[in-house]
Amino acid sequence: MKLGVRWTLHGDGRTPAPGAVVRPDERLSWPRTVGLGAQHVVAMFGASFVAPVLMGLDPNLAIMMSGFATVIFLLATHGTVPSYLGCSLSFVGVAAAIRASGGSSATVTGAVFVVGAVLFLAGLAVRRFGARIIHAAMPPVVTGAVVMLIGFNLAPVTASTYWPQDQWTALLVMLFTGLAVVCLRGFWSRIAIFLGLIFGYAISWVFDLVFGKIHSMAPSGQVTDHWRLDLSAVGQADWIGLPSFHGPSFEWSAILVALPVVIALIAENAGHVKAVGEMTGDNLDDKLGTAIAADGAASMLSTALGGPPNTTYSENIGVMAATRVYSTAAYWAAAGFALLFGLCPKFGAVVAAIPGGVLGGITVILYGMIGLLGAQIWINAGVDLRNPLNLVPAAAGIIIGVGGVKLTFTDTFELGGIALGTIVVITGYHVLRAFAPAHLKAAPTEQEPLLDSGTSSYENGSGDTAKS
């Protein structure tokens, strides 16, 4: 059985010729390959640092399991889809909602384990029936709306938990990270979150030296005098040791909150596989089901041990685009580095010491970017939001998901937020489509739009309302 663990040397193994690319089944010299692997680890560090901390899970275990997840993915796809699997940010809102209702870390990982199982089954279904079943059940208008409500549902977490801990540090980190994303080029822009973390650490340390302790809400939720950057746990941590493990706990209320993220993960995997295929010049459509199933299997393994779920990382796809090196050997090296970092508790203590104000500045941008990925899905697919068939279910679901609207069935069971918003978007779209007149199902619609065309008339330089 071909496992994709053999590579031919590209050229002289040093530098690709102008315009040439290093294909997935090729590699450069091993020292250069290992160096590229380290570069991939740095690229994924920012989000992989932040995600487990925001979810209340062990960052050491998260990094270690990202290495295992990447190995599973590379083996499952036989080395044809170069991708790194890191901690998924799509579940941060889910974890916050579960913990807000009294759930523990075991409850969070149990709910996410079920999501991984559903994702695995969805991957098998795509392998059997093709990608058309995804498009039929979850067209872009639905997928975009769900991704949007998942991202924007996180806004209260930043506003009430992180930002109040140190508003001025949060503001400076937000500005620095925004400048890094916009102004830096190539690889450096891909690690803007990581650079924002480093800047946040530095500015927090300087503020502690200059201004002393801050009187604000501490991570515990109490308003006290405390240091912005507390590294006391770092000195006590060992250099070598295993991360903390725990088993999952399954509760229906938590599972229902987490299940909608399946839609975001399927869309994410599909987009990444398509992007890699376009860069390498290979048609990878037949690998989509395998990629989704591998992601689900890797997430099940991680959450079964108490770690976070995983997904393919766009940061690493960006590194490939910048270097034009698509060798899966570099990803094997990256996975090896991640496993080593996971065995260093001192590294995890440094991650866990991220000041709340730093997280406040980063999450303002990060959560907003997650939500606006939904809008990007709409734009790329040409979704017409003037058509009431698209507009109504998306609008209702997003407001329910972002606003935390709840539907109470009994004293012990209620639906709300992400779960209820997703149900409204999916069922609302398909039910309305079943009863909608034929002309609304055609694209583009010939009916007068439900909303006007906004500011398009100004952009067109005309005083008349633009018509589609």
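Refer to the structure presented above.
Residues numbered from 1 in each chain as written. Predicted model: local features only at pLDDT ≥ 70, side-chain atom pairs only at ≥ 80, totals over all residues. Heavy atoms only, no water.

Peer 1: Help me out: how do you make sense of the side chain of Thr77 in this one?
Peer 2: Structurally, Thr77 can be placed in the loop between α2 (59-76) and β3 (85-87). In contact with Thr77, not counting residues within four places along its chain, are Lys287, Thr290 and Ala291. (Helix = DSSP H or I, 4+ residues; strand = E, 2+ residues; numbered from the N terminus. Contact = heavy atoms within 4.5 Å.)

Peer 1: I'm lost on a nonpolar patch on the surface in this one. Help?
Peer 2: On the surface, a cluster of nonpolar side chains totalling about 520 Å² of accessible area is made up of Phe68, Leu242, Phe245, Leu301, Leu305 and Leu343. As for its placement among the helices and strands, Leu343 is situated in the loop between α16 (328-342) and α17 (345-352). On the accessibility criterion, Leu343 (32% relative accessible area) is partly exposed. (Patch = residues over 30% accessible without salt bridge, like charges linked within 9 Å, V, L, I, M, F, W, Y side chains within 5 Å. Areas by Shrake-Rupley, 256 points an atom, 1.4 Å probe, with all protein chains shown as cover. Salt bridge = Lys/Arg side-chain N within 4 Å of Asp/Glu carboxyl O. Buried < 20%, exposed > 50% of the residue type's maximum accessible area, 1.4 Å probe, protein only.)

Peer 1: Would you mind showing me how to read the pattern of salt bridges here?
Peer 2: Oppositely charged side chains are able to pair whenever their charged atoms sit close together. Within this structure, the stated rule accounts for three salt bridges. The salt bridge involving Arg386 is made with Asp384; its shortest N-O contact spans 3.2 Å. Residue classification places Arg386 among the partly exposed residues on the basis of a relative accessible area of 23%. Connected via shared salt-bridge partners are Asp166, Asp208 and Arg228.

Peer 1: Whenever I open this one, the packing of helix α6 (residues 140-152) against helix α18 (residues 356-381) confuses me. Can you help?
Peer 2: The relative placement of two packed helices comes down to the angle between their axes together with the axis-to-axis distance. Look at α6 against α18: their axes get within 6 Å of each other, and the N-to-C directions meet at 170°. In terms of orientation, α6 lies roughly antiparallel with respect to α18. Taking contact as the criterion, the partners of Pro140, Val141, Thr143, Gly144, Ala145, Val147, Met148, Gly151 and Phe152 in α6 are, on α18, Tyr367, Gly368, Ile370, Gly371, Leu372, Leu373, Gly374, Ala375, Ile377, Trp378 and Ala381. Residue composition of the contact of α6 with α18, by class: 14 nonpolar, six polar and no charged. (Axes fitted to C-alpha atoms, helices over the stretch in contact; angles between N-to-C directions. Parallel < 35°, antiparallel > 145°, perpendicular 65-115°, else oblique. Nonpolar A, V, L, I, M, F, W, Y, C, P; charged D, E, K, R; others polar.)

Peer 1: Is there a simple way to explain α2 in this structure?
Peer 2: Because an α-helix packs 3.6 residues into every turn, residues spaced three or four apart end up facing the same way. For α2, built from 18 residues, the straight-helix expectation of 26 Å at 1.5 Å per residue is met to within 8% by its first-to-last C-alpha distance of 25 Å. Within α2, 14 of the 18 residues are buried, leaving the element largely enclosed by the surrounding structure. Of the residues that open α2, the one with a side-chain oxygen 3.0 Å from the backbone nitrogen of Asn60 is Asp58. Positive backbone phi, at 55°, marks His78, one or two positions downstream of α2. (Expected span 1.5 Å × (residues − 1). Polar contact = N/O pair within 3.5 Å; in protein donor to acceptor, adjacent residues only side chain to side chain.)

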